[in-house]
Amino acid sequence: LTRYPTLRAEMQRVAYASLEAKKEETRRMVTIMVEMESSYLTAEFFRRVVSAQMAGSNAGPEALNIRTLNGVPVSAATEGAPPEELHLRRITAHVSAYVAAVCDQLKTTVPKAVVHSLVLSSKKELLKSWNMQVAGMGLDSLQRLLSEDEAVMKRRTDCSNRLELLQQAAGEIAA
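Small disclaimer: the values here were computed from a predicted structure and weren't measured.

## Focus on the overall build of the protein chain
For the protein chain, the count of helices and strands is seven helices and zero strands. The C-alpha radius of gyration computed for the protein chain amounts to 32 Å, which surpasses the reference 16 Å derived for 175 residues by more than 25%, pointing to a less compact arrangement than a globule. Taken along the three principal axes of its C-alpha coordinates, the protein chain extends 105 × 45 × 20 Å. Expressed as a percentage of the 175 residues in the protein chain, the buried residues total 22%. Surface accessibility of the protein chain: about 12,700 Å² in total, with carbon and sulfur atoms responsible for 61%. Charge separation in the protein chain, taken as the distance between the mean sites of 22 positive and 20 negative side-chain charges, equals 2 Å.

## Here's the deal with a nonpolar patch on the surface
A surface patch of nonpolar side chains, about 420 Å² in accessible area, is lined by L69, L88, I91, V95 and V99. With respect to the helices and strands, I91 occurs in helix 5 (residues 83–135). Residue I91 is classed as partly exposed on the basis of its relative accessible area, which comes to 39%.

## Notes on the side chain of S117
Positionally, S117 belongs in helix 5. Accessibility expressed as a relative area gives 8% for S117, which makes it buried. Polar side-chain contacts of S117 include one of 3.1 Å to the side chain of T26. What S117 contacts, discounting residues up to four positions off in sequence, is K22, E25, T26 and M29.

## What about the packing of helix 1 (residues 5–39) against helix 5?
Where helix 1 meets helix 5, the axes come as close as 7 Å, and the angle between the chain directions of the two elements is 145°. Seen along the crossing, helix 1 lies across helix 5 with a hand that is right-handed. Grouping the constituent residues of the contact of helix 1 with helix 5 by class yields 17 nonpolar, nine polar and seven charged.

Parameters at a glance
Residues numbered from 1 in each chain as written. Predicted model: local features only at pLDDT ≥ 70, side-chain atom pairs only at ≥ 80, totals over all residues. Heavy atoms only, no water. Helix = DSSP H or I, 4+ residues; strand = E, 2+ residues; numbered from the N terminus. Rg over C-alpha atoms; globule rule 2.2 N^0.38 Å. Buried < 20%, exposed > 50% of the residue type's maximum accessible area, 1.4 Å probe, protein only. Areas by Shrake-Rupley, 256 points an atom, 1.4 Å probe, with all protein chains shown as cover. Lys, Arg positive; Asp, Glu negative; His and termini not counted. Charge placed at Lys NZ, Arg CZ, Asp CG, Glu CD. Patch = residues over 30% accessible without salt bridge, like charges linked within 9 Å, V, L, I, M, F, W, Y side chains within 5 Å. Salt bridge = Lys/Arg side-chain N within 4 Å of Asp/Glu carboxyl O. Polar contact = N/O pair within 3.5 Å; in protein donor to acceptor, adjacent residues only side chain to side chain. Contact = heavy atoms within 4.5 Å. Axes fitted to C-alpha atoms, helices over the stretch in contact; angles between N-to-C directions. Left-handed = near helix turned anticlockwise from the far one by under 90°. Nonpolar A, V, L, I, M, F, W, Y, C, P; charged D, E, K, R; others polar.

Everything listed here is a matter of coordinates, which is why it stays silent on function.
In structure tokens, the structure reads:
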């Protein structure tokens, strides 16, 4: 496309318009994903943490690599707590670890969702809209779109002239 700057600019304009058209739909989908995660608690996460803690130190939460939002292992978040606060700190650590796990999950799924919803669907629509747009163009518009870069045209003319001179010289030498 470097040979055809007008074509490149037009394709970029159409691609940008296609991405802009899908932006709101993608934003709604990502918002729904975040709302879904915030409104539904996965009880299995808490069961795994508690069962790992009950299993003993060999298979504790650090074996599951469960950390709070601060990056502290869940088991370390309750160390040194007075007995009357131990239960509250344990709950706080579990909830913090759950929020961290959900954030990590969203970090991996949201980009995939954006690519799926925005990029892949825009790519399909881009081809359709580009075909329809080009099919409706007149000859003048197509020629303007396919006009080459001046530097490329000059270089091709120069190379063509050199080739012609080389062929003439080769003919004279052969004769």
